[in-house]
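Chains, contacts and geometry: an overview
Letter by letter, the chains look like this.
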Amino acid sequence: MTNKHVNAVVVGSGAGGGVVAKELAVGGLSVVLFERGKWARYDDHNNDELTSQRTFPLGAYFGPDNERYRRVAVDQHGNERIVYPNDWAYHNNAACVGSGTVSYGAMAWRFMEECFKFKSTYGHIEGSSTADWPITYDDLEPYYEKAEWDIGVAGDDYRNPFAPWRRRAHPMPPFKHNREARMLEGAAIKAGFHPFPIPMLRNSIPYGGRPPCIRMRNCVGFACPVNAKCGTQNTVIPVAIDTGNCELRTECQVYEVMTNGNGRVTGVAYFDERDRRQVQTADIVILSASATETARLLLNSKSPLFPDGIGNSYDQVGRNLQGHAYCGADGLVEEEVYDDVGPGASIAICDFAHNNPGITGGAMLANEFIRMPYLFTGVRPPGSARWGKAHKDFQKNFFKRHVSIRGPVQEVPNPESRVQVSQEVKDHWGIPVARISGFKLDEDIRTARFIAGKAEEWLRAAGAAQIWLSVPGTGVSGSQHQSGTCRMGDDPQSSVTNRYGQVHGVDNLFVADGSLHVTNGAFNPVLTIMALGYWVSDYVVKEWNHGNRF
Amino acid sequence: MNAKSISRRNFIKMSAIGAGCLCIPGCAGTPATYHYILTAREAEILDALADQIIPPDEYAGGREAGVTNFIDKQLSGFYNEHVPMYRACLMALDETCRDIYGREFTVLEFDTQTSYLEDIESGKYNDRDWNGYTASSFFGTLRNHCLQGFYGSPRHGGNKDYVSYRMMKLDYPFLVGRNVH
């Protein structure tokens, strides 16, 4: 059976792809939105920590599964091993309709103006491929606004003196702090910091036809039982489908972007839900499959004109993989501060996101999401018992007296942190899998140490009795904040797409996900990925309506 | 009396009879515990290990919380690949124990068991061949699995009656929309 030709194929229904599908469908293009996973339902996993997207010893419920998916992880000594989705070295995000936006913590950060000008702000760093974005915060600002109002964000940036400028306030008021955040608020002010409520893609009031948040403990890593968390699966994707222009095709694994003899993209090849090979032709293709899978798809799309993969003429696809150099501090306090008001993360400061003298970059700092009981078994001061009576007593005595501050340190991109395709290992469908290798630069660790020290200051001001710091190792990062592998830029020799996400040299092929990030910001990246979805779509739809067929 | 209430009353009566009938084969004494994968001896050792990882106090320990049941259930499913390791290492753990202490692991004093496991964890017996496995790395996996069984959701066979949640003063079971204070 041949599939009917459409105007656009979008691969991946996460933060980027969900937005693109909606914008294109509303703009009048016929769209097929591909998702390799299924619809995820709260009832199928409810409050099961062992299969949550946060701790997944028994497999990540939101996908992908361990049976069909694998990758190759390369450590810093060059040792390779095959890894499965429930291994941290797999760098999993998710595979379901809405992808990571179903189970995420839903922090809704705008990057700061400096985040887009990393190189001109901090200069060249040895061993890095640092660069400025080809677009500025001012370019993206209207699209951040669109994401905030279309998908729904609760927040109050006016209480953050370091917030970038904005035209319009958040559509929903911020959340009230839980007990821990109320305690931390006073402490932050005492320390001279500027605390404010974290902006969240979560309903604080009824919004978009969905109810407000019920402040559950099981939020990050879980689906929301009342649909108060705003993901693409319950906002833009239903709108896309409602237009009649968009077909969502789940359980379909796209494995190749197809081209003709002129180097023009003609569509995609995929395996359907019954593992049959299928082809979907389209006028344009937009890849939103995540930093790892978008790069893999481009690299696996080889043809005589593109012997090393599409868009890879200058060996740029898959390079500059980044996540965040997460760091912070943990402390134990006298009084119980846990009041079971989810999701836990509530208060943040941006005092150290940029402009730290003598330091490259920085990070926003926020209190941590609720540590569920099994996750908490790994939270201990250095040298503590890892089992036995003392371990159990700690679990019993400190669960409600533990405070954790964490910050996503913006990494300096380096070209050796990268996604390649394996020469030997193939997935269930026989397609070469992603091979992830690389490291963090010493500069990232230096910044992480500085930021962890600031988290410690905050906890000290909160009167924490025992404090211990957490600074990451030098292993490659990626995981749920993976980005950078198809970065945008004006020079085809040092980037994969132009400023509109259009792949250099292949006019009807676009990227719209975290792969585009030149640097990954001092913040959780999802709102920026959504904003880029609107940015890329806006360009595509405007051009399309002017008769441009790329 | 309408038909509905009669049928409800009868239903309860009949259920009781039904339950009695089902019970017949195992009615005498405590019903035996059946495992998918583990032998009785393996389960016995694992019970002792679970109580070492999470010792009983005013709250249940690993054994009573069903940690062995959790591990057995996972070995028959998601942790299937670990079956050979458990099989080999539980026996090797016992063998090494007889070598060092002259007795089986399960009959050692609780504190002696603890110091034996501390030695295993620190790598003291890593030069012994545990049927191709390393003692300390088996212990690391075992520890993780025990903690998962004790602190994870009861749906996987452990954390009986949400004992760990009760211990941590967390509301259980979780009722959506009801646990907000």
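Secondary structure summary: chain A contains 12 helices and 17 strands in total. Against the 2.2 N^0.38 benchmark of 24 Å for 550 residues, chain A shows a C-alpha radius of gyration of 22 Å, consistent with a compact globule. Among the 550 residues that make up chain A, the fraction classed as buried is 58%. Contacts in chain A between residues at least 24 apart in sequence constitute 73% of all its contacts with a sequence separation of at least 6.

Glancing now at the pairing of strand β1 (residues 6–11) of chain A. Residue and element names in this part refer to chain A. Most of β1 is tucked away, with five of its six residues classed as buried. Pairing of β1 with strand β2 (residues 31–34), which is carried by four bridges, proceeds in the parallel orientation. Opposite Val10, over in β2, you have Leu33 as the bridge partner. Crossover handedness for the path β1 to helix α1 (residues 15–26) to β2: right-handed.

One frequent convention defines the size of an interface as the accessible area lost when the parts assemble. Counting residues at the interface gives 24 residues for chain A, matched by 27 residues for chain B. Taken together, the elements giving at least two residues each to the side of chain A that touches chain B come down to α9 (373–376) and α10 (388–398) of chain A. With five residues, the top contributor of residues to the side of chain A that touches chain B is α10 of chain A. Classifying every residue of the side of chain A that touches chain B gives nine nonpolar, five polar and 10 charged.

With that out of the way, let us pick up helix α2 (residues 40–53) of chain B. Under the 1.5 Å per step criterion, the end-to-end length of α2 of chain B is 20 Å for 14 residues, consistent within 8% with the ideal 20 Å. Along α2 of chain B, 11 of the 14 residues are buried, which leaves the element largely enclosed by surrounding structure. Turning to α2 of chain B, the residues buried within the fold contact α10 of chain A together with α3 (67–75), α4 (83–101), α5 (110–121) and α6 (135–151) of chain B.

Next up on the list: the sheet that holds strand β4 (residues 80–83) of chain A. All names here are of chain A. Strand order across the open sheet formed by four strands is β4-β3-β15-β14, with mixed pairing between neighbours. Only two strands of the sheet have a single neighbouring strand rather than two, namely β4 and β14 (418–426). Taking each pair of neighbouring strands and ignoring which way they run, the sheet shows an average axis angle of 35°. As defined by bridge partners, strand β3 (residues 71–74) adjoins β4 across four bridges and the pair is classed as antiparallel. Counterpart to Arg71 in the pairing with β4 is Val83. Those strands touched by helix α8 (residues 291–300) are β14 and β15 (432–437), and its axis lies near 60° from that of β14.

Our focus in this paragraph is the confidence of the model for chain B. Residues and elements named next belong to chain B. Residues of chain B with pLDDT of at least 70 account for 77%, and the chain-wide mean is 85. Between residues 1–31, whose pLDDT stays under 50, and residues either more than four places distant or in other chains, the model counts two contacts. If you check the scores for this complex, the pTM reads 0.94 and the ipTM reads 0.95.

To continue, consider α6 of chain B. The terminal C-alpha atoms of α6 of chain B, which comprises 17 residues, lie 24 Å apart, in line with the 24 Å expected from a rise of 1.5 Å per residue. Counting buried positions along α6 of chain B yields 12 of 17 residues, so the element is predominantly enclosed. Along α6 of chain B, the positions that sit buried rather than exposed are Ala135, Phe138, Phe139, Leu142, Arg143, His145, Cys146, Leu147, Gln148, Gly149, Phe150 and Tyr151 of chain B. Residues of α6 of chain B that are buried in the fold lie against α9 of chain A together with α2, α3, α4, α5 and α7 (163–167) of chain B.

Attention shifts here to the packing of α2 of chain B against α6 of chain B. All names here are of chain B. Two elements in contact, α2 and α6, have axes whose closest approach is 10 Å; the angle formed by their N-to-C orientations is 80°. The orientation of α2 with respect to α6, classified from their angle, is roughly perpendicular. Seen from α2, the contacting residues are Leu49, Ala50 and Ile53; seen from α6, they are Leu142, Arg143, Cys146 and Leu147. Its residues assigned to classes, the contact of α2 with α6 shows six nonpolar, no polar and one charged.

Let's shift gears to unusual backbone geometry. Residue and element names in this part refer to chain A. Between Gly63 and Pro64 the backbone carries a cis peptide bond, its omega angle lying at -5°. Topologically, Pro64 is positioned in the loop between α2 (42–45) and β3. The peptide bond linking Gly342 to Pro343 adopts the cis configuration, its omega dihedral lying at -5°. Relative to the assigned elements, Pro343 resides in the loop between β10 (325–332) and β11 (347–349). In this structure, Asn227 takes a positive phi of about 65° despite not being glycine. Among the structural elements, Asn227 can be located in the loop between β5 (196–197) and α7 (236–242).

Turning next to the sheet that holds β5 of chain A. The strands making up a sheet associate through backbone hydrogen bonding, with each pair oriented either parallel or antiparallel. Residue and element names in this part refer to chain A. Strand order across the open sheet formed by six strands is β5-β11-β12-β13-β10-β16, with antiparallel pairing between neighbours. The sheet terminates laterally at β5 and β16 (466–470), the two strands that pair on one side only. Pairing geometry for β10 and strand β13 (residues 402–409), over eight bridges, is antiparallel. Across the sheet, residue Leu332 finds its bridge partner in β13, namely His402.

The rules behind the values
Residues numbered from 1 in each chain as written. Chains lettered and ligands numbered in written order. Predicted model: local features only at pLDDT ≥ 70, side-chain atom pairs only at ≥ 80, totals over all residues. Helix = DSSP H or I, 4+ residues; strand = E, 2+ residues; numbered from the N terminus. Rg over C-alpha atoms; globule rule 2.2 N^0.38 Å. Buried ≥ 20, exposed ≤ 12 C-beta atoms within 10 Å, placed from the backbone. Contact = placed C-beta atoms within 7 Å. Pairing = 2+ DSSP bridges. Right-handed = clockwise from strand over helix to strand, strands pointing away. Nonpolar A, V, L, I, M, F, W, Y, C, P; charged D, E, K, R; others polar. Expected span 1.5 Å × (residues − 1). Axes fitted to C-alpha atoms, helices over the stretch in contact; angles between N-to-C directions. pLDDT = per-residue confidence, 0-100. Parallel < 35°, antiparallel > 145°, perpendicular 65-115°, else oblique.

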